[in-house]
Structures are given as C-alpha cells and as structure tokens.
Amino acid sequence: MADLAEKEMDNPTFRSDTVLSDVHLHCPSKRHLMVRLNAVGQPVFLSYFKLLWSTEDLASGKHMREITTGREQQSRSGDELCDKDRSNVKEEGELNSEGVEALLDDDGDLEVVRRPQSASDLQAEDLLRDIVCPVILMKGKEDAFEDEEQECTCSDVVKIEHTMATPLEDVGKQVWRAAFLLADYILFQRDTFRGCSVLELGGGTGITSIIMGAVAKRVYCTDVGEDLLAMCEQNVTLNKHLMEAGGGEIKVKELDWLKDEFCTDPEAPYSWSEEEIADLLDHCSVIMAADVFYDDDLTDALFRTLYRITHNLRNSCTVYLALEKRLNFTLRHMDITCEAYSHFRNTLNDLENLQDGKMKYTVEHIKPDFCQFLVYERIEQL
C-alpha cells in the first residue's frame, strides 16, 4: 500500500477542476511532509514558512524597520532576481532551496525549470528546480520532523498544515499569497493592532490570524466546514509559541456568509456562545480577509456579512482586504481579463457609495511597498 501511494504521489494527476496554490512551488520538497489524510481523504502536508523576525524581537519593543535591517536582501521581489545572470543555475538554485525567491519571467509568471525525465539524481541536484513531491511518512510524527526541528527554531517559523491541490470549494485548505501580504502588513503596523479584538473572515489555514494573534488581544478566526476548521485549530496549536509573547488568544469559529446569523447550536463544532458574540460586537475594531474574492456569489455574500456585522458593532471598525488579481484569458471577451477582481471592485464601490443613513464607509488603497517579514515571492498582482 505504501509503495503504491508513493508511486501515485511521484506522478500526481490533476483533474480539470483542481486548483493549486503556487505558494509552494518554489519550496524544496523536504518542506512538504505529508502528515495524514483528512476526513475527506485529502493528503495534509506540514510546511514551514520563514519569519524574518523572532518573538524575542517582538517582545523587545524594537521597531520593525530596525529588525529587518540587514535582512531585506532575503525579501527582495522576484522581479529583481530576474535580472541576475541565469547561466549560474546552481547558485540561483541554492537561493531557491532556502525558499527565498522564485524566478519570474518578464510577464510576472512563475518560471519553472523542469526536471528532464532522463536526468540522474546527481544531475537533478544541479538544476534550479527539482520536482516537488510529498514525502510519505513511514514513522511517527515527532521522529519524522526531528531533522526539520533542528533547522528551524520556534521563534522564526510558522508551521502550517495545509493541502496542496483541491477542488474549488476546498481552496481554503491551501495557503495563498495575499495571506502573507496581509501578515506582512500586520507585522509592519504591529502597534496599530496591539491589544485589538479582531475578526478574520475566510481564515482558511489560519496563517494570517496566527500572525495577528502575536500582537492582538483576541482574534476570532472564522470559516466554514468542520474539516477546514479542525485544520485551522491544529495550526493555531502548532504556533501557540507566537502568541505567548504578547498574551494573545485565537478562537476558531464557524461563520457562514450565506447565513444571516451566527451559529449558536451548542451541539455544532466551532459554534459561538452568546458571550463570544457579545464580546465580538462590543470590542471588535478590526476585520480582515485575505484572498477570498474568487467567486462572485461568495463576494456578494461576504459584503452582505460585512455590512451586517459592522452595522451591529459598538465601535468604529477598519476592514483590511488583501487579494491577488488573477488574470485569465476568456473566450467570452477574447482577451485577458480579471473578472473576479472587477466584481470585487464594483461591489466595494457600491459599499462606499451606500447611503442608507445608518453607516458610512470610506475606502483607501494601501500600497504594498511596506517591509517584508515572511519569506515568499511578492508579485505585482498582489
């Protein structure tokens, strides 16, 4: 059974409805360790994402600009790496093996160097990008990650369980770039969020809530689906050391945008208590969401949920939305378009222009030129 599974994993096949996040494509395969199958039979992997700061830095009160001095070379955009001499393949391959940057072509697309089928293992080591295959673990979890733990100290990594390729309805189980971008902004503006009560909509694997939990007082990380929420809760547990420095707390809860009320059924997993709802409405001053705008109906539902919740908050609230514009060629337009983003912008404009005498919304674009604190590739579509 193990041999069969290993063969299948070495030669993965993707159906037409498979969605794959490219966050993991530039990481070496040893960072993708399969730890289990989830309740619906999908492989679950554990990845380490490098932080360019530590909990000691956070607790010391240093300004983030000071913390990143001398480290910014590690967080350069992929566009800068495009100008390097690509004849030195091995040197750039070593950069990639550290998970620093993926190479982008002139159009901003990820440039994947394929491994020739005829290449030997020795030759493959000299290639810029080796094939990324999950490792099937044949021993206990703790032993399997012993070597990894030696390479990564608790204070400078985020450990995230996630899937890699899913149907569209399960994309929340993957990790997406905009979650890293929003996490960067949180760390850059950490004094703004310190001591806040925060709600995340569509939290997915929970990575942004985990970073927010390092500085905020309380974070309600919400999504739908028991399997996804269980994965999110596991990730919160894996990274509890990040919250300990500031005494933050993360609560994983169900919040369905297609329903008008919070789930309060005590028999339902991840339901809300009346006290938690009251706490949210009385103290929440920040709402955030990352990479949740890919389906027009869900976008409409999200904005309805935003209006309903902000209308009932006791205090004024700031909403932070991060996303990646995904360009697609469509036969309908016979052109490259970004329909999901266009619908998001139109709906956002409608919210800003809303005149019902109850709420007033203002919209401000934040330029993504702030410091980078997590190792991932920033692209111009973020």
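Residues numbered from 1 in each chain as written. Predicted model: local features only at pLDDT ≥ 70, side-chain atom pairs only at ≥ 80, totals over all residues. Heavy atoms only, no water.

Undergrad: Please provide a residue-by-residue account of the overall build of the chain, values included.
TA: Helices and strands together make up the secondary structure of the chain, namely 16 helices and 13 strands. Across the chain, the fraction of contacts at a sequence separation of at least 24, relative to all contacts at a separation of at least 6, is 71%. In the structure as shown, the chain presents an accessible area of about 19,800 Å², 48% of it carried by carbon and sulfur atoms. (Helix = DSSP H or I, 4+ residues; strand = E, 2+ residues; numbered from the N terminus. Contact = heavy atoms within 4.5 Å. Areas by Shrake-Rupley, 256 points an atom, 1.4 Å probe, with all protein chains shown as cover.)

Undergrad: Give me the pattern of salt bridges: which residues, what numbers.
TA: On inspection of all chains with the given rule, the structure shows 16 salt bridges. Note that Lys50 is salt-bridged to Asp156, the shortest N-O span being 2.6 Å. Of this pair, Lys50 sits in strand β3 (residues 43-50) while Asp156 sits in the loop between α8 (146-151) and β5 (157-162), and the two are 106 residues apart along the sequence. Exposure remark for Asp156: the relative accessible area of 15% places this residue in the buried category. (Salt bridge = Lys/Arg side-chain N within 4 Å of Asp/Glu carboxyl O. Buried < 20%, exposed > 50% of the residue type's maximum accessible area, 1.4 Å probe, protein only.)

Undergrad: Describe in detail helix α9 (residues 177-188), supporting the description with residues and values.
TA: End to end, α9 covers 17 Å across twelve residues, agreeing with the expected 16 Å (1.5 Å per residue, within 8%). For α9, a buried count of twelve out of twelve residues is recorded, marking the element as mostly surrounded by other parts of the structure. Residues of α9 that are buried: Arg177, Ala178, Ala179, Phe180, Leu181, Leu182, Ala183, Asp184, Tyr185, Ile186, Leu187 and Phe188. (Expected span 1.5 Å × (residues − 1).)

Undergrad: Describe the pairing of strand β11 (residues 318-322), naming the residues involved and giving the relevant values.
TA: The sheet contact formed by strand β10 (residues 284-290) and β11 spans five bridges and is parallel. Counterpart to Met288 in the pairing with β11 is Tyr320. In this region the chain leaves β10, passes through helix α15 (residues 296-312) and returns to the parallel neighbour β11; the handedness of that crossover is right-handed. (Pairing = 2+ DSSP bridges. Right-handed = clockwise from strand over helix to strand, strands pointing away.)

Undergrad: An account of the confidence of the model for the chain is needed here, citing residue identities and associated values.
TA: Mean pLDDT over the chain stands at 77; residues scoring 70 or higher make up 65%. Low pLDDT, under 50, characterises residues 63-102; the stretch is placed with 71 contacts to residues that sit more than four places away or in other chains. (pLDDT = per-residue confidence, 0-100.)

Undergrad: So what about the nonpolar core? Which residues, and what values?
TA: With 49 residues, the main nonpolar core has Leu51, Val158, Phe180, Ile186, Phe193, Val198 and Met212 as its most contacted residues. Counting residues per element, this core draws most heavily on α9, which supplies ten residues. Beyond its immediate chain neighbours, meaning those up to four positions away, Val158 contacts Ser47, Tyr48, Phe49, Leu51, Ile207, Ile211, Asn239, Leu242 and Leu374. Counting 26 residues, the second-largest nonpolar core is a separate cluster that includes Trp272, Ala301, Phe303 and Phe344. (Core = buried A, V, L, I, M, F, W, Y, C linked by side-chain atoms within 4.5 Å.)

Undergrad: Please provide a residue-by-residue account of the side chain of Thr299, values included.
TA: For Thr299, the location among the structural elements is in helix α15. When its relative accessible area of 1% is taken as the criterion, Thr299 is described as buried. Setting aside anything within four residues of it in sequence, one finds Thr299 in contact with Phe293, Tyr294, His343, Phe344 and Thr347.

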